[in-house]
Amino acid sequence: MPDASLLARLSAAVDANFEGETAFLADLVRFPSTRGNEAPLQDWMARQLAQRGYAVDRYTLADVPLTSHPKASPMVEADPAKSVQVVATHRAANPTGRSLILQGHIDVVPEGPDDMWTYPPYSATIRDGWMYGRGAHDMKAGVAAMIFAMDALRSAGLEPAADVHIQTVTEEESTGNGALSTLLRGYRADAALIPEPTGGTITRCHTGTLWFRIRVRGVPVHVAVAQSGTNAILSAMHLVQALQAHTRELNRAAREHPWYREVPDPIKFNPGIIRGGDWASSTPAWCEVDCRIGLLPGTDVAEARRGVERAIAEAAKGDNFLANNPPEVQWHGFLADGYVLEPGTEAEAVLAAAHEQVFGAPMEERRSTAVNDTRFYGLYFGIPGLCYGPKGEGSHAFDERTDLEHLRKTTLAIAAFIADWCGVRPRA
(Lines give C-alpha, C1' and ligand atoms only; values in the text may rest on other atoms or scores of the structure.)
Protein backbone atom coordinates (compact mmCIF):
# COMPACT_ATOMS: atom_id res chain seq x y z
CA MET A 1 0.00 0.00 0.00
CA PRO A 2 1.15 3.63 -0.45
CA ASP A 3 3.19 4.92 2.47
CA ALA A 4 1.77 7.64 4.69
CA SER A 5 3.60 10.46 2.93
CA LEU A 6 2.36 9.38 -0.51
CA LEU A 7 -1.20 9.00 0.78
CA ALA A 8 -0.99 12.48 2.27
CA ARG A 9 0.16 13.89 -1.08
CA LEU A 10 -2.71 12.17 -2.86
CA SER A 11 -5.19 13.30 -0.24
CA ALA A 12 -4.09 16.91 -0.60
CA ALA A 13 -4.41 16.62 -4.38
CA VAL A 14 -7.91 15.12 -4.18
CA ASP A 15 -9.00 17.88 -1.81
CA ALA A 16 -7.51 20.60 -3.99
CA ASN A 17 -9.29 19.22 -7.06
CA PHE A 18 -12.60 18.36 -5.43
CA GLU A 19 -14.42 21.55 -6.34
CA GLY A 20 -13.44 20.84 -9.91
CA GLU A 21 -14.52 17.20 -9.57
CA THR A 22 -17.92 18.26 -8.28
CA ALA A 23 -18.34 20.67 -11.19
CA PHE A 24 -17.22 17.92 -13.61
CA LEU A 25 -19.82 15.54 -12.17
CA ALA A 26 -22.50 18.22 -12.47
CA ASP A 27 -21.60 18.65 -16.13
CA LEU A 28 -21.92 14.88 -16.62
CA VAL A 29 -25.34 14.79 -14.99
CA ARG A 30 -26.63 17.66 -17.14
CA PHE A 31 -26.23 15.50 -20.26
CA PRO A 32 -29.45 13.44 -20.70
CA SER A 33 -27.45 10.44 -21.89
CA THR A 34 -30.28 7.95 -22.26
CA ARG A 35 -29.94 5.11 -24.72
CA GLY A 36 -29.29 6.44 -28.21
CA ASN A 37 -28.51 9.93 -26.89
CA GLU A 38 -25.03 9.34 -25.45
CA ALA A 39 -22.94 10.80 -28.30
CA PRO A 40 -22.95 14.45 -27.13
CA LEU A 41 -21.64 13.43 -23.72
CA GLN A 42 -19.07 11.07 -25.20
CA ASP A 43 -17.80 13.78 -27.55
CA TRP A 44 -17.47 16.13 -24.57
CA MET A 45 -15.71 13.37 -22.62
CA ALA A 46 -13.27 12.74 -25.45
CA ARG A 47 -12.32 16.42 -25.42
CA GLN A 48 -11.92 16.45 -21.63
CA LEU A 49 -9.59 13.46 -21.71
CA ALA A 50 -7.60 14.73 -24.70
CA GLN A 51 -7.01 18.00 -22.83
CA ARG A 52 -5.40 15.92 -20.09
CA GLY A 53 -2.87 14.62 -22.57
CA TYR A 54 -4.22 11.11 -23.03
CA ALA A 55 -4.28 9.33 -26.37
CA VAL A 56 -8.02 9.16 -27.11
CA ASP A 57 -9.80 6.54 -29.21
CA ARG A 58 -13.38 7.51 -30.11
CA TYR A 59 -15.30 4.88 -32.03
CA THR A 60 -18.79 3.41 -32.36
CA LEU A 61 -20.13 -0.08 -31.85
CA ALA A 62 -20.42 -0.37 -35.63
CA ASP A 63 -16.62 -0.19 -35.79
CA VAL A 64 -16.04 -3.47 -33.94
CA PRO A 65 -17.06 -7.05 -34.88
CA LEU A 66 -19.62 -7.44 -32.09
CA THR A 67 -21.68 -10.06 -33.86
CA SER A 68 -18.64 -12.34 -34.05
CA HIS A 69 -18.50 -12.70 -30.27
CA PRO A 70 -20.82 -15.26 -28.64
CA LYS A 71 -21.46 -13.03 -25.63
CA ALA A 72 -22.66 -9.98 -27.56
CA SER A 73 -26.32 -9.17 -26.93
CA PRO A 74 -28.86 -8.21 -29.60
CA MET A 75 -29.44 -4.46 -30.06
CA VAL A 76 -32.95 -4.50 -31.46
CA GLU A 77 -33.81 -1.06 -30.11
CA ALA A 78 -30.56 0.82 -30.81
CA ASP A 79 -28.30 1.73 -33.72
CA PRO A 80 -24.70 0.55 -33.15
CA ALA A 81 -23.43 3.32 -35.43
CA LYS A 82 -24.77 5.94 -33.01
CA SER A 83 -23.39 4.29 -29.88
CA VAL A 84 -20.11 6.08 -29.16
CA GLN A 85 -17.34 4.66 -26.95
CA VAL A 86 -14.29 6.49 -25.60
CA VAL A 87 -10.97 5.02 -24.47
CA ALA A 88 -8.22 7.34 -23.22
CA THR A 89 -4.81 5.81 -22.56
CA HIS A 90 -1.89 6.76 -20.38
CA ARG A 91 1.15 5.06 -21.90
CA ALA A 92 4.03 4.50 -19.52
CA ALA A 93 7.50 4.69 -20.99
CA ASN A 94 9.34 1.47 -20.05
CA PRO A 95 6.49 0.26 -17.81
CA THR A 96 7.48 -1.39 -14.54
CA GLY A 97 4.11 -1.73 -12.81
CA ARG A 98 0.89 -3.59 -13.48
CA SER A 99 -1.51 -2.25 -16.09
CA LEU A 100 -5.09 -1.23 -15.33
CA ILE A 101 -8.44 -0.57 -16.96
CA LEU A 102 -10.72 2.01 -15.35
CA GLN A 103 -14.17 1.67 -16.89
CA GLY A 104 -17.47 3.42 -16.29
CA HIS A 105 -20.73 3.65 -18.19
CA ILE A 106 -22.28 7.00 -19.06
CA ASP A 107 -25.66 5.73 -20.29
CA VAL A 108 -28.58 6.31 -17.94
CA VAL A 109 -32.11 4.94 -17.72
CA PRO A 110 -35.09 7.18 -18.57
CA GLU A 111 -36.00 9.69 -15.89
CA GLY A 112 -39.78 9.24 -15.96
CA PRO A 113 -42.17 12.16 -15.32
CA ASP A 114 -40.20 15.27 -14.35
CA ASP A 115 -42.92 16.40 -11.96
CA MET A 116 -42.30 13.34 -9.78
CA TRP A 117 -38.77 14.55 -8.98
CA THR A 118 -38.06 16.99 -6.15
CA TYR A 119 -35.50 18.72 -8.39
CA PRO A 120 -35.35 18.58 -12.21
CA PRO A 121 -33.71 15.27 -13.13
CA TYR A 122 -30.83 16.77 -15.12
CA SER A 123 -30.23 19.83 -12.93
CA ALA A 124 -27.40 18.34 -10.81
CA THR A 125 -28.87 20.13 -7.79
CA ILE A 126 -26.73 20.03 -4.62
CA ARG A 127 -28.45 20.01 -1.23
CA ASP A 128 -26.98 19.06 2.16
CA GLY A 129 -23.95 17.30 0.69
CA TRP A 130 -25.87 15.32 -1.93
CA MET A 131 -26.00 15.83 -5.67
CA TYR A 132 -29.37 14.96 -7.21
CA GLY A 133 -29.96 13.90 -10.79
CA ARG A 134 -30.47 11.01 -13.14
CA GLY A 135 -27.15 9.21 -13.37
CA ALA A 136 -25.55 11.07 -10.46
CA HIS A 137 -25.54 7.79 -8.53
CA ASP A 138 -25.58 5.22 -11.35
CA MET A 139 -22.84 5.77 -12.32
CA LYS A 140 -21.53 9.19 -13.22
CA ALA A 141 -20.12 9.73 -9.73
CA GLY A 142 -17.93 6.67 -10.29
CA VAL A 143 -16.82 8.01 -13.68
CA ALA A 144 -15.82 11.29 -12.03
CA ALA A 145 -13.97 9.37 -9.30
CA MET A 146 -11.84 7.33 -11.70
CA ILE A 147 -10.90 10.35 -13.83
CA PHE A 148 -10.09 12.54 -10.84
CA ALA A 149 -8.15 9.75 -9.15
CA MET A 150 -5.82 9.91 -12.12
CA ASP A 151 -5.88 13.71 -11.90
CA ALA A 152 -4.80 13.45 -8.25
CA LEU A 153 -1.66 11.55 -9.25
CA ARG A 154 -0.88 14.23 -11.82
CA SER A 155 -1.47 17.04 -9.30
CA ALA A 156 0.85 15.28 -6.87
CA GLY A 157 3.60 15.33 -9.53
CA LEU A 158 3.28 11.61 -10.28
CA GLU A 159 2.15 9.28 -13.03
CA PRO A 160 1.39 5.54 -13.15
CA ALA A 161 4.38 3.36 -13.95
CA ALA A 162 2.19 1.17 -16.17
CA ASP A 163 -0.39 1.62 -18.89
CA VAL A 164 -3.84 2.77 -17.78
CA HIS A 165 -6.91 2.74 -20.04
CA ILE A 166 -9.72 5.10 -18.98
CA GLN A 167 -12.91 3.94 -20.67
CA THR A 168 -16.38 5.46 -20.83
CA VAL A 169 -18.89 3.14 -22.44
CA THR A 170 -22.56 2.88 -23.35
CA GLU A 171 -25.05 0.00 -23.34
CA GLU A 172 -24.34 -1.06 -19.74
CA GLU A 173 -28.01 -0.61 -18.90
CA SER A 174 -29.23 -2.69 -21.83
CA THR A 175 -26.68 -5.12 -23.32
CA GLY A 176 -23.15 -4.60 -22.01
CA ASN A 177 -21.92 -4.35 -25.58
CA GLY A 178 -20.00 -1.17 -24.85
CA ALA A 179 -17.70 -2.91 -22.39
CA LEU A 180 -17.34 -5.91 -24.70
CA SER A 181 -16.41 -3.60 -27.56
CA THR A 182 -13.37 -2.24 -25.72
CA LEU A 183 -12.03 -5.77 -25.38
CA LEU A 184 -12.76 -6.55 -29.02
CA ARG A 185 -10.97 -3.30 -29.85
CA GLY A 186 -7.88 -4.82 -28.24
CA TYR A 187 -7.63 -3.11 -24.85
CA ARG A 188 -6.22 -5.38 -22.15
CA ALA A 189 -4.73 -4.96 -18.69
CA ASP A 190 -3.72 -6.90 -15.60
CA ALA A 191 -6.91 -5.80 -13.77
CA ALA A 192 -10.08 -3.81 -14.38
CA LEU A 193 -11.82 -1.53 -11.89
CA ILE A 194 -15.42 -0.48 -12.50
CA PRO A 195 -16.49 2.15 -9.94
CA GLU A 196 -20.20 1.36 -9.85
CA PRO A 197 -21.97 2.85 -6.79
CA THR A 198 -21.27 0.08 -4.29
CA GLY A 199 -20.97 2.27 -1.21
CA GLY A 200 -17.35 1.34 -0.67
CA THR A 201 -17.94 -2.42 -0.85
CA ILE A 202 -16.52 -4.91 -3.33
CA THR A 203 -19.04 -6.79 -5.46
CA ARG A 204 -18.26 -10.42 -4.81
CA CYS A 205 -20.76 -11.64 -7.38
CA HIS A 206 -23.57 -10.47 -9.58
CA THR A 207 -26.50 -12.21 -11.21
CA GLY A 208 -26.98 -12.32 -14.95
CA THR A 209 -29.85 -10.75 -16.84
CA LEU A 210 -32.10 -11.63 -19.76
CA TRP A 211 -34.32 -9.17 -21.63
CA PHE A 212 -37.22 -10.46 -23.69
CA ARG A 213 -40.47 -9.30 -25.25
CA ILE A 214 -43.69 -11.31 -25.17
CA ARG A 215 -45.87 -10.59 -28.20
CA VAL A 216 -49.54 -11.60 -28.24
CA ARG A 217 -51.89 -11.14 -31.19
CA GLY A 218 -55.69 -11.49 -31.09
CA VAL A 219 -58.98 -10.70 -32.82
CA PRO A 220 -60.65 -7.38 -31.90
CA VAL A 221 -64.40 -7.04 -31.47
CA HIS A 222 -66.69 -4.44 -29.99
CA VAL A 223 -66.66 -4.69 -26.23
CA ALA A 224 -70.41 -5.31 -26.32
CA VAL A 225 -69.65 -8.79 -27.67
CA ALA A 226 -66.31 -9.28 -25.96
CA GLN A 227 -66.99 -12.95 -25.40
CA SER A 228 -66.82 -13.56 -29.15
CA GLY A 229 -63.35 -12.07 -29.56
CA THR A 230 -60.05 -12.14 -27.70
CA ASN A 231 -58.26 -9.84 -25.28
CA ALA A 232 -54.54 -9.77 -25.92
CA ILE A 233 -53.85 -7.78 -22.75
CA LEU A 234 -55.57 -10.33 -20.52
CA SER A 235 -53.76 -13.15 -22.31
CA ALA A 236 -50.43 -11.37 -21.78
CA MET A 237 -51.26 -10.94 -18.07
CA HIS A 238 -51.79 -14.71 -17.88
CA LEU A 239 -48.26 -15.22 -19.24
CA VAL A 240 -46.77 -12.71 -16.79
CA GLN A 241 -48.37 -14.60 -13.91
CA ALA A 242 -46.82 -17.81 -15.22
CA LEU A 243 -43.40 -16.16 -15.27
CA GLN A 244 -43.90 -15.02 -11.68
CA ALA A 245 -44.50 -18.67 -10.76
CA HIS A 246 -41.41 -19.69 -12.76
CA THR A 247 -39.36 -17.13 -10.83
CA ARG A 248 -40.57 -18.55 -7.51
CA GLU A 249 -39.31 -21.97 -8.59
CA LEU A 250 -35.93 -20.51 -9.56
CA ASN A 251 -35.64 -18.81 -6.18
CA ARG A 252 -36.42 -22.07 -4.37
CA ALA A 253 -33.52 -23.68 -6.24
CA ALA A 254 -31.31 -20.66 -5.44
CA ARG A 255 -31.34 -21.67 -1.76
CA GLU A 256 -28.68 -24.24 -2.67
CA HIS A 257 -26.43 -21.86 -4.61
CA PRO A 258 -22.96 -21.45 -3.01
CA TRP A 259 -22.96 -17.65 -3.36
CA TYR A 260 -26.65 -16.75 -3.19
CA ARG A 261 -28.18 -19.21 -0.74
CA GLU A 262 -28.26 -16.54 1.98
CA VAL A 263 -29.72 -13.85 -0.29
CA PRO A 264 -33.54 -13.83 -0.18
CA ASP A 265 -35.06 -14.38 -3.62
CA PRO A 266 -32.02 -13.33 -5.67
CA ILE A 267 -33.72 -13.99 -9.01
CA LYS A 268 -35.71 -10.89 -9.91
CA PHE A 269 -38.41 -10.84 -12.59
CA ASN A 270 -39.86 -7.58 -13.84
CA PRO A 271 -42.46 -6.87 -16.53
CA GLY A 272 -41.13 -3.39 -17.23
CA ILE A 273 -43.02 -2.05 -20.27
CA ILE A 274 -46.47 -2.89 -21.61
CA ARG A 275 -48.04 -1.74 -24.84
CA GLY A 276 -51.33 -2.92 -26.28
CA GLY A 277 -54.70 -2.19 -27.77
CA ASP A 278 -56.01 0.60 -29.93
CA TRP A 279 -59.38 1.63 -28.49
CA ALA A 280 -61.01 1.48 -25.07
CA SER A 281 -64.23 0.01 -26.49
CA SER A 282 -62.51 -2.63 -28.61
CA THR A 283 -61.01 -5.77 -27.21
CA PRO A 284 -57.23 -5.40 -27.73
CA ALA A 285 -55.89 -7.24 -30.74
CA TRP A 286 -52.29 -7.01 -29.65
CA CYS A 287 -50.11 -6.69 -26.57
CA GLU A 288 -46.38 -6.58 -26.01
CA VAL A 289 -44.69 -6.87 -22.62
CA ASP A 290 -40.96 -6.17 -22.21
CA CYS A 291 -39.55 -8.23 -19.35
CA ARG A 292 -36.35 -8.76 -17.41
CA ILE A 293 -35.38 -11.86 -15.46
CA GLY A 294 -32.18 -12.73 -13.63
CA LEU A 295 -30.03 -15.85 -13.56
CA LEU A 296 -27.44 -17.08 -11.09
CA PRO A 297 -23.70 -17.36 -11.75
CA GLY A 298 -23.04 -20.75 -13.26
CA THR A 299 -26.43 -20.93 -15.00
CA ASP A 300 -26.10 -21.29 -18.75
CA VAL A 301 -27.76 -18.42 -20.58
CA ALA A 302 -29.21 -20.77 -23.20
CA GLU A 303 -30.78 -22.93 -20.48
CA ALA A 304 -32.22 -19.86 -18.76
CA ARG A 305 -33.76 -18.82 -22.06
CA ARG A 306 -35.25 -22.27 -22.57
CA GLY A 307 -36.72 -22.09 -19.07
CA VAL A 308 -38.50 -18.83 -19.91
CA GLU A 309 -39.75 -20.22 -23.21
CA ARG A 310 -41.03 -23.40 -21.56
CA ALA A 311 -42.89 -21.43 -18.89
CA ILE A 312 -44.58 -19.29 -21.54
CA ALA A 313 -45.43 -22.27 -23.73
CA GLU A 314 -46.95 -24.20 -20.83
CA ALA A 315 -49.01 -21.21 -19.76
CA ALA A 316 -50.26 -20.68 -23.30
CA LYS A 317 -51.80 -24.15 -23.26
CA GLY A 318 -54.12 -23.00 -20.46
CA ASP A 319 -55.45 -19.99 -22.37
CA ASN A 320 -58.26 -20.66 -24.85
CA PHE A 321 -56.89 -18.26 -27.41
CA LEU A 322 -53.16 -18.72 -26.89
CA ALA A 323 -53.44 -22.50 -27.13
CA ASN A 324 -54.11 -22.10 -30.85
CA ASN A 325 -52.24 -18.82 -31.35
CA PRO A 326 -48.89 -19.25 -29.60
CA PRO A 327 -47.26 -16.06 -28.29
CA GLU A 328 -43.92 -14.97 -29.67
CA VAL A 329 -40.84 -14.46 -27.50
CA GLN A 330 -38.29 -12.00 -28.83
CA TRP A 331 -34.85 -11.65 -27.21
CA HIS A 332 -33.90 -8.02 -27.62
CA GLY A 333 -31.25 -6.97 -25.08
CA PHE A 334 -29.27 -8.50 -22.24
CA LEU A 335 -28.15 -12.10 -22.62
CA ALA A 336 -25.80 -11.72 -19.69
CA ASP A 337 -24.04 -14.28 -17.52
CA GLY A 338 -23.64 -13.95 -13.79
CA TYR A 339 -20.11 -13.53 -12.44
CA VAL A 340 -18.17 -14.32 -9.28
CA LEU A 341 -14.97 -12.50 -8.38
CA GLU A 342 -13.29 -15.41 -6.66
CA PRO A 343 -11.64 -14.39 -3.38
CA GLY A 344 -7.88 -14.19 -3.22
CA THR A 345 -6.87 -12.16 -6.26
CA GLU A 346 -3.95 -9.82 -5.75
CA ALA A 347 -5.91 -6.96 -7.32
CA GLU A 348 -8.61 -7.26 -4.68
CA ALA A 349 -6.03 -7.38 -1.90
CA VAL A 350 -4.44 -4.15 -3.14
CA LEU A 351 -7.84 -2.46 -3.40
CA ALA A 352 -8.82 -3.65 0.08
CA ALA A 353 -5.63 -2.19 1.55
CA ALA A 354 -6.23 1.14 -0.17
CA HIS A 355 -9.82 1.23 1.04
CA GLU A 356 -8.84 0.51 4.63
CA GLN A 357 -6.14 3.19 4.53
CA VAL A 358 -8.67 5.81 3.46
CA PHE A 359 -11.83 4.73 5.29
CA GLY A 360 -10.22 3.28 8.42
CA ALA A 361 -12.26 0.06 8.21
CA PRO A 362 -12.04 -3.20 6.24
CA MET A 363 -13.60 -3.31 2.80
CA GLU A 364 -16.81 -5.34 3.01
CA GLU A 365 -18.32 -7.36 0.17
CA ARG A 366 -21.77 -7.52 -1.34
CA ARG A 367 -23.68 -9.99 -3.48
CA SER A 368 -25.57 -8.13 -6.18
CA THR A 369 -28.91 -9.14 -7.68
CA ALA A 370 -28.25 -6.88 -10.67
CA VAL A 371 -25.72 -7.15 -13.47
CA ASN A 372 -22.59 -5.08 -14.16
CA ASP A 373 -19.82 -5.11 -16.76
CA THR A 374 -17.17 -7.01 -14.75
CA ARG A 375 -18.32 -10.30 -16.29
CA PHE A 376 -16.68 -9.48 -19.62
CA TYR A 377 -13.27 -9.05 -18.03
CA GLY A 378 -13.41 -11.89 -15.54
CA LEU A 379 -15.30 -14.60 -17.42
CA TYR A 380 -14.13 -14.20 -21.01
CA PHE A 381 -10.75 -12.47 -20.95
CA GLY A 382 -9.11 -13.64 -17.71
CA ILE A 383 -8.85 -10.12 -16.23
CA PRO A 384 -9.93 -9.74 -12.57
CA GLY A 385 -13.00 -7.49 -12.58
CA LEU A 386 -13.29 -5.30 -9.47
CA CYS A 387 -16.59 -3.50 -8.93
CA TYR A 388 -16.10 -0.85 -6.24
CA GLY A 389 -17.28 2.73 -6.01
CA PRO A 390 -18.98 5.57 -4.15
CA LYS A 391 -22.18 5.73 -2.12
CA GLY A 392 -25.54 7.05 -3.22
CA GLU A 393 -29.23 6.29 -3.34
CA GLY A 394 -32.04 5.88 -5.83
CA SER A 395 -30.58 3.91 -8.70
CA HIS A 396 -33.24 3.95 -11.48
CA ALA A 397 -35.57 5.83 -9.10
CA PHE A 398 -36.85 9.36 -8.61
CA ASP A 399 -34.55 11.71 -6.69
CA GLU A 400 -31.46 9.66 -7.48
CA ARG A 401 -28.52 11.17 -5.59
CA THR A 402 -24.86 10.68 -4.69
CA ASP A 403 -23.05 11.43 -1.42
CA LEU A 404 -20.36 13.99 -2.25
CA GLU A 405 -18.19 13.42 0.83
CA HIS A 406 -18.15 9.69 0.15
CA LEU A 407 -17.22 10.49 -3.44
CA ARG A 408 -14.22 12.46 -2.19
CA LYS A 409 -12.98 9.54 -0.10
CA THR A 410 -13.65 7.04 -2.87
CA THR A 411 -11.61 9.16 -5.29
CA LEU A 412 -8.72 9.02 -2.85
CA ALA A 413 -9.09 5.25 -2.36
CA ILE A 414 -9.01 4.70 -6.13
CA ALA A 415 -5.97 6.98 -6.45
CA ALA A 416 -4.21 4.99 -3.71
CA PHE A 417 -5.14 1.75 -5.47
CA ILE A 418 -3.74 3.01 -8.79
CA ALA A 419 -0.53 4.11 -7.07
CA ASP A 420 -0.02 0.70 -5.46
CA TRP A 421 -1.21 -1.47 -8.35
CA CYS A 422 0.51 0.38 -11.17
CA GLY A 423 3.38 1.90 -9.21
CA VAL A 424 4.22 5.57 -9.59
CA ARG A 425 7.13 7.64 -10.84
CA PRO A 426 7.75 11.38 -11.09
CA ARG A 427 5.69 12.86 -13.86
CA ALA A 428 7.75 13.57 -16.95
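Above this text you will find the structure in question.
The paragraphs below set out a description of the structure included in this document. Here the structure is a predicted model, which means the values were calculated and not measured.

### Quick word on the overall build of the protein
Logical step 1: In terms of regular secondary structure, the protein is built from nine helices and 19 strands.
Logical step 2: Against the globule reference of 22 Å for 428 residues, the protein gives a C-alpha radius of gyration of 23 Å, in line with a compact fold.
Logical step 3: For the protein, the proportion of its 428 residues judged to be buried stands at 56%.
Logical step 4: Sequence-distant contacts in the protein: of pairs separated by 6 or more residues, those separated by 24 or more amount to 84%.
Logical step 5: For the protein, the computed accessible surface area is about 17,300 Å², with 51% contributed by carbon and sulfur atoms.
Logical step 6: Charge centroids of the protein, computed over 40 positive and 52 negative side chains, lie 2 Å from each other.

### Some thoughts on the layout of surface pockets
Logical step 1: Roughly 1,200 Å³ of internal volume is contained in the largest pocket.
Logical step 2: Counting only elements with at least two residues in the lining of the largest pocket, the list comes to helix H3 (136-155), strand E10 (208-217), strand E11 (269-276), strand E12 (286-295), strand E13 (328-336) and strand E15 (365-368).
Logical step 3: Considering every element that reaches the lining of the largest pocket, the biggest residue donor is E11, with four residues.
Logical step 4: Here the residues of the lining of the largest pocket sort into 13 nonpolar, twelve polar and 16 charged.

### Focus: the sheet that holds E10
Logical step 1: A sheet is described by the order of its strands in space; here four strands give the open sequence E11-E12-E10-E13, paired in antiparallel fashion. Only two strands of the sheet have a single neighbouring strand rather than two, namely E11 and E13. Neighbour-to-neighbour, the strand axes of the sheet open up by a mean angle of 15°, direction not taken into account.
Logical step 2: With ten bridges joining them, E10 and E12 adopt antiparallel strand pairing. Residue pairing in the sheet places Arg213 in a bridge with Asp290 of E12.
Logical step 3: Most of the contacts of helix H5 (residues 232-254) go to E12, to which it runs at about 10°, and overall it touches E10, E11 and E12.
Logical step 4: The strands touched by helix H6 (residues 301-317) are E10, E12 and E13; relative to E13, the strand with the most contacts, the crossing angle is about 150°.

### Side note on the packing of helix H7 (residues 346-359) against helix H9 (residues 404-422)
Logical step 1: One can describe the packing of H7 onto H9 by two numbers: an axis separation of 8 Å at closest approach and a directional angle of 135°. One finds that H7 runs oblique with respect to H9. Here H7 runs over H9; the crossing is right-handed. Counting all contacts with H7, which are made through Glu346, Ala347, Val350, Leu351, Ala354, His355, Val358 and Phe359, the residues of H9 involved are His406, Lys409, Thr410, Leu412, Ala413, Ala416, Phe417, Asp420 and Trp421.
Logical step 2: Residue composition of the contact of H7 with H9, grouped by class: eleven nonpolar, three polar and three charged.

### With respect to the packing of helix H1 (residues 4-30) against helix H2 (residues 39-51)
A pair of packed helices is characterised by two quantities: the angle between their axes and the separation of those axes.
Logical step 1: Between H1 and H2, the shortest axis-to-axis distance is 10 Å and the interhelical angle comes to 155°. One way to sum up the angle between H1 and H2 is to call them roughly antiparallel. The crossing of H1 and H2 is right-handed. The segment H1 lies against H2, with Phe24, Asp27 and Leu28 engaging Leu41, Trp44, Met45 and Gln48.
Logical step 2: Considered class by class, the residues forming the contact of H1 with H2 number five nonpolar, one polar and one charged.

### Let's talk about the side chain of Asp403
Logical step 1: One can find Asp403 in strand E18 (residues 401-403).
Logical step 2: Once residues lying within four places of it in the same chain are set aside, the contact partners of Asp403 are Gly129, Trp130, Lys391 and Gly392.

### Describing the sheet that holds strand E7 (residues 164-169)
Logical step 1: With mixed pairing, six strands are arranged side by side in an open sheet as E1-E2-E7-E3-E8-E16. Single-partner strands in this sheet number two, and they are strand E1 (55-60) and strand E16 (385-387). Pairs of neighbouring strands in the sheet enclose a mean axial angle of 20°, with direction left out of account.
Logical step 2: Alignment of strand E3 (residues 100-105) against E7, held across six bridges, turns out to be parallel. Bridge assignment links Leu100 to a residue of E7, and that residue is Val164.
Logical step 3: On top of the sheet, H9 reaches E3, E7, strand E8 (192-194) and E16; it is set at about 150° to E3, its chief contact.

### Some words on the environment of Thr369
Logical step 1: Examined against the element boundaries, Thr369 turns out to sit in the loop between E15 and helix H8 (374-380).
Logical step 2: Excluding residues within four positions of it along the chain, Thr369 makes contact with Thr207, Tyr260, Val263, Pro266, Lys268 and Arg292.

### Things to note about H9
Logical step 1: If you check H9, its first and last C-alpha atoms are 26 Å apart, about what 19 residues at 1.5 Å a residue would give, namely 27 Å.
Logical step 2: Among the 19 residues of H9, 15 are classified as buried, and the element is accordingly described as predominantly covered.
Logical step 3: Between the side-chain oxygen at the start of H9 and the backbone nitrogen of Glu405 there is a gap of 3.1 Å, and the oxygen is on Asp403.
Logical step 4: One or two steps after H9, the chain reaches Gly423, where phi turns positive at roughly 75°.

### Some points on H7
Residues separated by three or four positions in an α-helix point in the same direction, a consequence of the helix having 3.6 residues per turn.
Logical step 1: The end-to-end C-alpha distance of H7 is 20 Å, a good match for the 20 Å that 14 residues give at a rise of 1.5 Å each.
Logical step 2: Those residues of H7 that fall on the buried side of the exposure criterion are Ala347, Glu348, Val350, Leu351, Ala353, Ala354, His355 and Val358.
Logical step 3: Considering only its buried residues, H7 is in contact with H1, E8, strand E9 (202-206), E16 and H9.
Logical step 4: The positive-phi residue at the C-terminal boundary of H7 is Gly360, with phi of around 75°.

Rules behind the numbers
- Residues numbered from 1 in each chain as written.
- Predicted model: local features only at pLDDT ≥ 70, side-chain atom pairs only at ≥ 80, totals over all residues.
- Heavy atoms only, no water.
- Helix = DSSP H or I, 4+ residues; strand = E, 2+ residues; numbered from the N terminus.
- Rg over C-alpha atoms; globule rule 2.2 N^0.38 Å.
- Buried < 20%, exposed > 50% of the residue type's maximum accessible area, 1.4 Å probe, protein only.
- Contact = heavy atoms within 4.5 Å.
- Areas by Shrake-Rupley, 256 points an atom, 1.4 Å probe, with all protein chains shown as cover.
- Lys, Arg positive; Asp, Glu negative; His and termini not counted.
- Charge placed at Lys NZ, Arg CZ, Asp CG, Glu CD.
- 1 Å grid on protein atoms, 1.4 Å probe; cavity = no way out; pocket = protein on both sides within 12 Å on 5 of 7 lines; lining within 4 Å.
- Points joined across faces, edges and corners; volume = space filled by probe spheres on them.
- Nonpolar A, V, L, I, M, F, W, Y, C, P; charged D, E, K, R; others polar.
- Pairing = 2+ DSSP bridges.
- Axes fitted to C-alpha atoms, helices over the stretch in contact; angles between N-to-C directions.
- Parallel < 35°, antiparallel > 145°, perpendicular 65-115°, else oblique.
- Left-handed = near helix turned anticlockwise from the far one by under 90°.
- Expected span 1.5 Å × (residues − 1).
- Polar contact = N/O pair within 3.5 Å; in protein donor to acceptor, adjacent residues only side chain to side chain.

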